[in-house]
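Below are the chains, spelled out letter by letter.
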Amino acid sequence: MAMASASGPAATAQVSEATRWGQLLFGVICMVMIANLQYGWTLFVNPIDQKYHWGRAAIQIAFTIFVLTETWLVPFEGYLIDKFGPKIMVASSGGLVAIAWVINSMADSLFLLYVGAAIGGIGAGVIYGASVGNALKWFPDRRGLAAGLTAAGFGAGSALTVIPIANMIQSSGYEAAFLWFGLGQGIVVVLVALLLKAPEAGEVPVPASPAVQQTRRDYGPAEAIRTPVFWVMYAMFVMVGAGGLMAIAQLAPIANDYKIASVPVSILGLTLPALTFALTIDRVLNGVCRPFFGWVSDLIGRENTMFVAFLIEGLGIYALLYFAANPLLFVILSGLVFFAWGEIYSLFPATCTDIYGRKFATTNYGMLYTAKGTASLLVPLANVLTNATGSWHAVFYVAAILNIIAAVMALFVLKPMRIRTMARS
Amino acid sequence: MPVQLSQASSQDWKRWDAVFDSSFDAVCLFSFLGVILSLVFLLTIVPAFDDGLILTF
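In this text, all values refer to a predicted model and were calculated from it rather than measured experimentally. (Residues numbered from 1 in each chain as written. Chains lettered and ligands numbered in written order. Predicted model: local features only at pLDDT ≥ 70, side-chain atom pairs only at ≥ 80, totals over all residues.)

1. Comments concerning the overall build of chain B
Where we set the bar: In this description a helix means any DSSP run of H or I spanning at least four residues, a strand means any run of E spanning at least two, and both kinds are numbered starting from the N terminus. To sort residues by exposure, count the other C-beta atoms lying within 10 Å of each residue's C-beta; 20 or more gives buried, 12 or fewer gives exposed, and values between give partly exposed, all with C-beta atoms placed from the backbone.
Along the backbone of chain B there are 2 helices and 0 strands. Within chain B, buried positions represent 18% of all 57 residues.

Below, the structure written as structure tokens:
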């Protein structure tokens, strides 16, 4: 078990491009393998309820436990990953995600279901943190693209297995789906983890004239959270994350209010009911936008890309307020909102590592990543606004304003603060 | 053989000593506070507004 550090004492020869792209691919595979734990969960809720009659709300507490452990423990897990390297941590977490779904397959009480969720959250958090952290360390020259491709594996990975899981639940029961997919996902993660490694000093290329400014020293996590720029990024992550989630959660009520949910819409030869169409392109665009905006940020800078993406998101949400009655515009604008939302998972990790360096990239981004957990806590509060005002309009105004504020902050708060912090380092 | 066991054990302890530093304390505190505050929020505030503790992603 070697201490994996990007700034180890002995410099090593630079590795081939194939080696580091291979490392990126291994991370993406691990992310695809854990995507079902979050995005496939919804398929299991009704079958579990039909068997045990625990109620959907009680069953969904398992998902809440999963989200809490998957997000809030990443700083702690990330620190161990930065210290001991990704191999041992991801391999053991592959075991955890398998055990979690095996427990789910046998759970005959809510307590066991919650234990499975907690174990799954811990395992998924390690694998998520290690995969993104490794991408950030291997690609200092294309950090946005690398983080985006890895995050896309999580966002879109479940698209590959949703239909097989749904079919297995139908034919063999949800228990079999939990058992066999759990074991399969876990085994793949364990095997791929054996190939993972963090770069040694000198193994990665140092861009001669990087388009994106990078720090010259490595910040520890205790140092990083003492810098104001960290909390500016945290606030922006929460604003964009919560704003997007609030808007997305209101898509079905909007479609039902305007009575367009089942109106068929045709785009590029594909015809689906408007709401189904909107929710389907969610998965695709939510995955595609991560590497796309990450790549753009490698070329034009992180804050400039944030400004464009968050502004598109804010204006898209605002436009949806006025044009949602038209089924075609409803689908197109909701697609735009999804497209401009998911990039937070590539732009923030890249920016965080640009500022705080590679050595503690996993830990420092792990702390920033908890903004996802904070954002999700704010979403139920959107119901307060909906109930108080009697419609979803106020929620949309809030979501649009949060995104526009974040866009302005990217250029006029984050950028100058980031430059000052880097100049001091 | 007892000597080898002793050496391995000593190295393991050194490795863990390297883990338990001020940064480790910071991330533990960060994670611990996050979990506790989230639980308090979910158990006390959210049920007043929402049916069940349902998060959306």
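That shown, we press on.
2. Notes on the overall build of chain A
A count of helical and extended segments in chain A gives 19 helices and 2 strands. Expressed as lengths along the three principal axes of its C-alpha atoms, the size of chain A is roughly 65 × 50 × 40 Å. Taking all 425 residues of chain A together, 57% fall into the buried category.

3. A closer look at helix α8 (residues 162–172) of chain A
α8 of chain A sits mainly on the outside: 1 of its 11 residues count as buried. Downstream of α8 of chain A by one or two residues, Gly173 of chain A has phi in the positive range, about 95°.

4. Structural notes on the packing of helix α13 (residues 274–300) of chain A against helix α14 (residues 302–323) of chain A
Residue and element names in this part refer to chain A. What counts here: Note on method: axes are straight lines fitted to C-alpha atoms, helices fitted across the in-contact stretch only, with angles between N-to-C directions ranging 0 to 180 degrees. Here is the rule for angles: anything less than 35 degrees is roughly parallel, anything more than 145 is roughly antiparallel, 65 through 115 is roughly perpendicular, and the remaining ranges are oblique. Handedness of a helix crossing follows the sense of rotation of the near helix relative to the far helix, less than a right angle counterclockwise being left-handed and clockwise being right-handed. We call two residues in contact whenever the C-beta atoms placed from their backbones are within 7 Å. Residues are grouped as follows: nonpolar covers Ala, Val, Leu, Ile, Met, Phe, Trp, Tyr, Cys and Pro; charged covers Asp, Glu, Lys and Arg; every other residue, Gly included, is treated as polar.
Put simply, α13 and α14 touch, their axes get as near as 7 Å, and they point 135° apart. Judged by the angle between their axes, α13 and α14 are oblique. The crossing of α13 and α14 is right-handed. Mapping the contact onto sequence places Phe293, Val296, Ser297 and Ile300 in α13 and Arg302, Asn304, Thr305 and Ala309 in α14. Of the residues in the contact of α13 with α14, the class split is 4 nonpolar, 3 polar and 1 charged.

5. Observations concerning the pairing of strand β1 (residues 264–267) of chain A
Residues and elements named next belong to chain A. Rule in force here: Two strands pair under a simple rule: DSSP has to find at least two bridges between them.
Pairing geometry for β1 and strand β2 (residues 270–273), over 4 bridges, is antiparallel. Each residue of the ladder has a partner; that of Val265, found in β2, is Leu272. Where β1 folds back onto β2 in an antiparallel hairpin, the turn is made up of 2 residues, including Leu268, whose phi is positive at roughly 50°.

6. Observations concerning the domain arrangement of chain A
One widely used convention gives an interface's size as the accessible area the parts lose upon coming together. Residue and element names in this part refer to chain A. Under the convention used in this document: Note: domain ranges come from an automatic or database domain assignment.
By domain assignment, chain A separates into domain 1 (17–193) and domain 2 (221–424). A C-alpha centroid distance of 22 Å is found between domain 1 and domain 2. Elements with a minimum of two residues in the side of domain 1 that touches domain 2: α3 (56–72), α4 (74–84), α6 (110–138) and α7 (143–156). Among the elements that take part in the side of domain 1 that touches domain 2, α7 stands out by supplying 10 residues, more than any other. Of the residues in the side of domain 1 that touches domain 2, the class split is 18 nonpolar, 7 polar and 5 charged.

7. Looking at the interface of chain A and chain B
Opposite the 31 residues of chain A that make contact, chain B presents 24 residues. Counting only elements with at least two residues in the side of chain A that touches chain B, the list comes to α3, α4, α10 (221–224), α11 (228–249), α17 (361–378) and α18 (382–389) of chain A. Classifying every residue of the side of chain A that touches chain B gives 21 nonpolar, 9 polar and 1 charged.

8. Some thoughts on α11 of chain A
Using the following cut-off: A helix is expected to span 1.5 Å for every residue after the first.
For α11 of chain A, which comprises 22 residues, the first-to-last C-alpha distance of 31 Å matches the rise-based estimate of 32 Å (1.5 Å per residue) to within 8%. Where burial is concerned, most of α11 of chain A is hidden: 16 out of the 22 residues are buried.

9. Side note on the confidence of the model for chain B
Residue and element names in this part refer to chain B. Basically, it comes down to this: One confidence number per residue, pLDDT, is output by the predictor and ranges from 0 to 100.
Scored by pLDDT, chain B comes out at a mean of 66, with 42% of its residues at no less than 70. A low-confidence stretch, residues 1–8 stays under pLDDT 50, and its non-local contacts, those more than four residues away or across chains, total 0 contacts. In the predicted assembly, ipTM is 0.77 and pTM is 0.87.

10. Topic: the environment of Leu73 of chain A
Inspection of the secondary structure assignment puts Leu73 of chain A in the loop between α3 and α4. Taking the C-alpha atoms as reference points, Leu73 of chain A and Val126 of chain A, 53 residues apart in sequence, are found 8.4 Å from one another. With residues up to four places along the chain from it excluded, the contact list for Leu73 of chain A reads Ile122 and Gly125 of chain A together with Ser31 of chain B.

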